[in-house]
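# Secondary and tertiary structure notes
Take a look at the letters that make up each chain.
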Protein chains: 2
Amino acid sequence: MCELLGMSANVPTDIVFSFTGLMQRGGKTGPHKDGWGLAFYEGRGLRLFQDPVASCESEVARMVQHYLIKSEVVIGHIRQANVGKVSLVNTHPFVRELWGRNWCFAHNGQLADFSPAPGFYRPVGETDSEAAFCDLLNRIRADFPEPVEVNDLLPIIVEACQGYRRCGVFNCLLSNGEWLFSFCSTKLVEITRRAPFGHAQLRDAELTVDFQTETTPKDIVTVLATEPLTQNETWTTHGAGEWTLWRLGECVARGRGDEPAC
Amino acid sequence: MCELLGMSANVPTDIVFSFTGLMQRGGKTGPHKDGWGLAFYEGRGLRLFQDPVASCESEVARMVQHYLIKSEVVIGHIRQANVGKVSLVNTHPFVRELWGRNWCFAHNGQLADFSPAPGFYRPVGETDSEAAFCDLLNRIRADFPEPVEVNDLLPIIVEACQGYRRCGVFNCLLSNGEWLFSFCSTKLVEITRRAPFGHAQLRDAELTVDFQTETTPKDIVTVLATEPLTQNETWTTHGAGEWTLWRLGECVARGRGDEPAC
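Residues numbered from 1 in each chain as written. Chains lettered and ligands numbered in written order. Predicted model: local features only at pLDDT ≥ 70, side-chain atom pairs only at ≥ 80, totals over all residues.

## A closer look at the environment of B:Gly177
Residues and elements named next belong to chain B. By the secondary structure assignment, glycine 177 is in the loop between strand 7 (168-175) and strand 8 (180-183). For glycine 177, a count of 22 C-beta atoms within 10 Å corresponds to the buried category. Each C-alpha atom, one on glycine 177 and one on asparagine 138, is 19 Å from the other, the two residues being 39 residues apart in sequence. Setting aside residues up to four positions removed in sequence, glycine 177 forms contacts with Tyr41, Arg44, Leu46, Val73, Arg101 and Asn102. (Helix = DSSP H or I, 4+ residues; strand = E, 2+ residues; numbered from the N terminus. Buried ≥ 20, exposed ≤ 12 C-beta atoms within 10 Å, placed from the backbone. Contact = placed C-beta atoms within 7 Å.)

Below, the structure written as structure tokens:
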């Protein structure tokens, strides 16, 4: 299995604190030693850092920790390989261009006997995760050759995720840089930090941050993760089939199973 | 204008020496201060490092210099902006997935009044370069929905490059990780290093390398660049309309204008 990390914020925010916690689980406090990746949106642009080695031993990860990249949307992943060997090509997140935007995807779980019909988007590596991402984009593109708003896409995306979930475990994060979508099959938690900000203490490393000194009163930052990253904050647990849509740190849509609600 | 850097090798080779020379031209010995990018293939996987700042001042560039990434195909670029503002989204190289492989492209030059028909692949940023790359992939995909060998593609690729060249200046590098293609409109040089290896002295920095101590007798490494990177070696200059195709460090096809030849 793997661990996911997502962030949506209303101001460019660095993810170093959360990533520092997550990367310990990449071979130190957790078994996810088979690679890691972190994608930062900068406007429509995307920076993707990946390494098919344990994040706790990765030189690229250390660089990312010290180089404070600020972003409004981040998707991260640490991997414990099941389908597909340990290699760069099998390292999440995966990226494809759709309608002139960078779409980014990471998956926690495993799909059994998953072999979608070949389409325009095709996996480069061997993971079931990348195959699901390509299938999802092919479905979107088949229904909408031209760009539409995310609200029009949600039914397709949620239905597709429900379908993948029937093949196994499917927790995922998806973004096009404007919004961040999550789907929970088994494990996903969220926290939204806003004023008044307080201290947070990582569960996986000896690190505390005082968000008050690093933020302005207007900042809103939501973090999604497979398991809580801090030990002194209350994270909200998502249920099976629950999906959320975030924009600028705020939840703009949320639903469960076939029952979308806002 | 911009500067290009390409490498094709028969063993995974680090590009640090050449990149160290090139990055000086990104704001120090040259005016190309508007961003840089370096794409390394690792099998079918691709590592892409980019920064929309001068390479001589880039923290990511320093990390790439010290972290010896070895690759058989590399495409690099430093940018002096003409079309499109200075931002990550306008920073070369550009990447798209085609037929389940990562295709990578960088361009030196400028195209006037270039507005290709919209297709499946669409630019994320505003550069004429990314628009040309998308147009090239759309043409390939229109003629070949399913994968074909590069020899079958060469006529389409060369014809497209000739067309872009008629719109302005079009020097480019293109790769799918198996091969490296170049097209020269105005400026491109090449060098192939093989045994017996000697010393090389950069033109843009006080740095000499003794390739003999870093290679085996079987190594073959070709470097392509806008201008020679070393001062004590003989670089071969490409003519207007000349294209080359490299695999594992060796030239496997070469031609000029409408006259392909090997």
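Still more ground to cover, so stick around.
## Some points on the nonpolar core
Ranked by internal contacts, the top residues of the largest apolar core, which has 127 residues, are A:Ala39 and B:Ala39. In this structure, B:Ala39 is in contact with B:Leu46, B:Arg47, B:Leu48, B:Val74, B:Ile75, B:Pro93, B:Val95 and B:Cys104, ignoring residues within four places of it in sequence. (Core = buried A, V, L, I, M, F, W, Y, C linked by C-beta atoms within 7 Å.)

## Looking at the relation of the copies chain B and chain A
Here chain B sits on chain A after a turn of 180 degrees about the axis and a move of 0.0 Å along it, with an RMSD of 0.0 Å. Accordingly, the operation relating the two chain copies is best matched by a two-fold axis. The overlap is high: 100% of the interface residues of chain B also sit at the interface in chain A, so the same surface is used on both sides. (Least-squares fit on C-alpha atoms with pLDDT ≥ 70 in both.)

## Examining the interface of chain B and chain A
The interface is formed by 26 residues belonging to chain B together with 26 residues belonging to chain A. Taken together, the elements giving at least two residues each to the side of chain B that touches chain A come down to strand 3 (45-51), helix 2 (59-66), strand 5 (94-98) and strand 6 (101-111) of chain B. In terms of residue count, strand 3 of chain B provides more of the side of chain B that touches chain A than any other element does, four residues in total. Partitioning the side of chain B that touches chain A into residue classes produces 11 nonpolar, seven polar and eight charged. (Nonpolar A, V, L, I, M, F, W, Y, C, P; charged D, E, K, R; others polar.)

## Examining the sheet that holds strand 2 (residues 36-42) of chain A
Residues and elements named next belong to chain A. Reading across from one edge, 3-2-4-1-12-9-13 is the order of the seven strands in this open sheet, with antiparallel pairing throughout. Sheet topology places strand 3 (45-51) and strand 13 (236-237) at the edges, where each strand pairs with a single neighbour. Sheet topology note: the strand 1 (residues 2-14)/strand 4 (residues 70-79) ladder contains nine bridges and is antiparallel. Looking at strand 4, one finds that methionine 7 is bridged to valine 74. Seen against the sheet, helix 1 (residues 16-24) touches strand 1, strand 2, strand 4 and strand 12 (220-225) and runs at an angle of roughly 170 degrees to strand 1. The sheet strands contacting helix 2 (residues 59-66) are strand 2 and strand 3, and the helix crosses strand 3 at an angle near 135 degrees. (Pairing = 2+ DSSP bridges. Axes fitted to C-alpha atoms, helices over the stretch in contact; angles between N-to-C directions.)

## Observations concerning the packing of helix 3 (residues 128-143) of chain A against helix 4 (residues 150-165) of chain A
Residue and element names in this part refer to chain A. The geometry of helix 3 relative to helix 4 is characterised by a closest axis approach of 10 Å and an angle of 145 degrees between their N-to-C directions. As for the relative orientation of helix 3 and helix 4, their crossing is right-handed in sense. Residues Ala132, Leu136, Arg139, Ile140 and Asp143 of helix 3 pack against Leu153, Ile156, Ile157, Ala160 and Tyr164 of helix 4. Of the residues that constitute the contact of helix 3 with helix 4, the class distribution is eight nonpolar, no polar and two charged. (Left-handed = near helix turned anticlockwise from the far one by under 90°.)

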